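Here is what each chain is made of, one letter per residue.
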Amino acid sequence: MKIHPWIWFLLVVIVFLIQLLTLDVLPQLQQDEVQITEYGRLALDPLSEWSVTWLISEEKPLLLWSYLGPLISELSFQVGGASGMGPRIASLLGGMFAGTMMFFWLRTRKTPELIALGLSLAFLLDPLFELTQRMGRVDGWVFGFCIASCWFLRRSLNKQKKINSVLYILGAGFCAITASFIWPSAILLFP
């Protein structure tokens, strides 16, 4: 059975809207939410004289090499305003991106379309994965870029033209590097 990608996108929009309505069910602030957003603030202001992640012995804030995820969190916090829902919405968008990449990767692996749709939806609605989104974590973005890397690699095998294969491999490398700069857990996901 052939499933048009628009069916997947319609499901993603429905899931996004339902989760958006219940995104504030958890207590307003979670430790991960605050800490990841703080890392993003420090990425924008590395010479800050205060931080919740202060290195006492070195008298300076802790700066991460994986700064893209915290930047997403900080910028979404600034855009979201006083409600503090910005990082959770950005995290929810990361989850939708990850689910979408899963769907396209499974299709490229020649998984039967209905099964690819079901597995991607199960991944998107997994309670632990959904909880990370409600806690404002950036794991969805990491998963998305790791799976996108696998998708590009799989697509590079299916192309006859050499130039297309090289571009897909470059895209896979770009996604892998981007994932590692979003959050350190990317290193654990590739194996």
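Everything below is about the structure shown above.
Calculation notes
- Residues numbered from 1 in each chain as written.
- Predicted model: local features only at pLDDT ≥ 70, side-chain atom pairs only at ≥ 80, totals over all residues.
- Heavy atoms only, no water.
- Patch = residues over 30% accessible without salt bridge, like charges linked within 9 Å, V, L, I, M, F, W, Y side chains within 5 Å.
- Areas by Shrake-Rupley, 256 points an atom, 1.4 Å probe, with all protein chains shown as cover.
- Salt bridge = Lys/Arg side-chain N within 4 Å of Asp/Glu carboxyl O.
- Helix = DSSP H or I, 4+ residues; strand = E, 2+ residues; numbered from the N terminus.
- Buried < 20%, exposed > 50% of the residue type's maximum accessible area, 1.4 Å probe, protein only.
- Contact = heavy atoms within 4.5 Å.
- Polar contact = N/O pair within 3.5 Å; in protein donor to acceptor, adjacent residues only side chain to side chain.

(A) Main features of a nonpolar patch on the surface. Together, Val-13, Leu-17, Leu-20, Ile-89 and Leu-93 make up an exposed nonpolar region whose accessible area comes to about 380 Å². Secondary structure elements with two or more residues in the nonpolar patch: helix H1 (5-21) and helix H4 (86-108). Of all the elements, H1 adds the most residues to the nonpolar patch, at three residues. Assignment of secondary structure puts Leu-17 in helix H1. Leu-17 gets classed as partly exposed once you look at its relative accessible area, which sits at 47%.

(B) Broad picture of helix H6 (residues 127-134). The set of residues buried in H6 consists of Phe-129, Glu-130, Thr-132, Gln-133 and Arg-134. At its buried positions, H6 is contacted by H1, H4, helix H5 (113-125) and helix H7 (139-157). Capping the start of H6, Asp-126 holds a side-chain oxygen 3.1 Å from the backbone nitrogen of Leu-128, two or three residues further along. Remark: Gly-136 follows H6 within two positions and exhibits a positive phi of approximately 75°.

(C) Here's a closer look at the environment of Glu-38. Position of Glu-38 among the secondary structure elements: in helix H2 (residues 31-44). Here Ser-51 takes part through its side chain, which lies 2.8 Å from a polar atom of the side chain of Glu-38.

(D) View of the pattern of salt bridges. Applying the stated criterion to the full structure yields six salt bridges. One salt bridge connects Arg-41 with Glu-38, and the closest N-O pair in it is separated by 2.8 Å. Taken together, the positions of Arg-41 and Glu-38, both in helix H2 and three residues apart, correspond to about one turn of that helix. Judged by its relative accessible area of 15%, Arg-41 is buried.

(E) Region of the structure containing the side chain of Thr-132. Position of Thr-132 relative to the elements: it lies in helix H6. Under the relative-accessibility criterion, Thr-132 is labelled buried at 16%. Thr-132 has contacts with Ser-91, Arg-137 and Asp-139, leaving out every residue within four places of it along the chain.

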